[in-house]
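# Examination of the molecular architecture
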Amino acid sequence: MEIKSYKDLIVWQKGIDLVNEIYVMTKKFPKSEQFSLTSQMLRAAISIPSNIAEGWSRNYQTEFGRFLSIAIASAAELETQVIIAKRQYPEISYMKAESLVFEIQKMLLSLIKTTKK
């Protein structure tokens, strides 16, 4: 299958799935987290597919690689925030979010290596 758009990239699609999961998960947080952990987690999650899309749209492989690096940094930030949330609110399930973050990180690393060739 030929990739015609960033929307065709599985990593972008999984990034959108992750954003949705973070929305579902953070709705279970107390209201007191609305402007702190919830806001930070949503910002980091949204940054992942957004940077993939922006990098793809630049039409230069080096630019795409740079934006993929930003996306993977946002994934690491989100991974850290999930760890914090797990400690604060252990009654919430984080399994799907953790799995998606891990999968996206692996896919981004692979894509970054491809863009450097």
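Definitions and cut-offs
- Residues numbered from 1 in each chain as written.
- Predicted model: local features only at pLDDT ≥ 70, side-chain atom pairs only at ≥ 80, totals over all residues.
- Heavy atoms only, no water.
- Phe/Tyr/Trp six-rings, centres within 6.5 Å; stacked < 30°, edge-to-face > 60°.
- Buried < 20%, exposed > 50% of the residue type's maximum accessible area, 1.4 Å probe, protein only.
- Axes fitted to C-alpha atoms, helices over the stretch in contact; angles between N-to-C directions.
- Helix = DSSP H or I, 4+ residues; strand = E, 2+ residues; numbered from the N terminus.
- Parallel < 35°, antiparallel > 145°, perpendicular 65-115°, else oblique.
- Left-handed = near helix turned anticlockwise from the far one by under 90°.
- Nonpolar A, V, L, I, M, F, W, Y, C, P; charged D, E, K, R; others polar.
- Core = buried A, V, L, I, M, F, W, Y, C linked by side-chain atoms within 4.5 Å.
- Contact = heavy atoms within 4.5 Å.
- Polar contact = N/O pair within 3.5 Å; in protein donor to acceptor, adjacent residues only side chain to side chain.
- Expected span 1.5 Å × (residues − 1).
- Salt bridge = Lys/Arg side-chain N within 4 Å of Asp/Glu carboxyl O.

### Remarks on the packing of aromatic side chains
Using the criterion set out here, one finds 3 aromatic pairs in the structure. Between W56 and F64, the aromatic rings sit 5.7 Å apart at their centres with planes inclined by 85 degrees, giving edge-to-face as the arrangement. The buried category is assigned to F64, whose relative accessible area is 8%.

### Quick word on the packing of helix α2 (residues 37–57) against helix α3 (residues 61–88)
Where α2 meets α3, the axes come as close as 8 Å, and the angle between the chain directions of the two elements is 160 degrees. Between α2 and α3, the interaxial angle falls into the category roughly antiparallel. As for the relative orientation of α2 and α3, their crossing is left-handed in sense. Among the residues making up the contact of α2 with α3, the classes are represented as 17 nonpolar, 6 polar and 4 charged.

### Considerations on the nonpolar core
If you look at the biggest cluster of nonpolar residues, it comprises 34 residues, and the most contacted ones within it are L18, I22, M41, I48, I52, L78 and L108. Counting residues per element, the ones that place at least two in this core are α1 (10–26), α2, α3 and α4 (95–116). Excluding residues within four positions of it along the chain, I22 makes contact with M41, L42, A45, L78 and A97.

### Some remarks on the environment of E63
As for its placement among the helices and strands, E63 is situated in helix α3. A C-alpha to C-alpha distance of 9.5 Å links E63 and T115, two positions 52 residues apart in sequence. Ignoring any residue separated from it by four or fewer positions in sequence, one finds E63 in contact with G55 and R58. Looking at E63, its side chain comes within polar contact range of the side chain of R58, at 3.4 Å.

### What to know about α4
With 22 residues, α4 ought to run about 32 Å at 1.5 Å a step, and its terminal C-alpha atoms sit 32 Å apart, in line with that. Its buried side turned inward, α4 meets α1, α2 and α3.

### Concerning the pattern of salt bridges
Scanning all chains against the criterion turns up 6 salt bridges. The shortest N-O distance in the salt bridge between R58 and E54 comes to 2.7 Å. Looking at E54, the relative accessible area reads 36%, which means it is partly exposed. We note a salt bridge from E63 to R66, for which the minimum N-O separation is 3.3 Å. Of the two residues, E63 and R66 are both situated in helix α3; the distance of 3 residues between them amounts to about one turn of the helix. Each of E54, R58, E63 and R66 takes part in one network of salt bridges that share partners.

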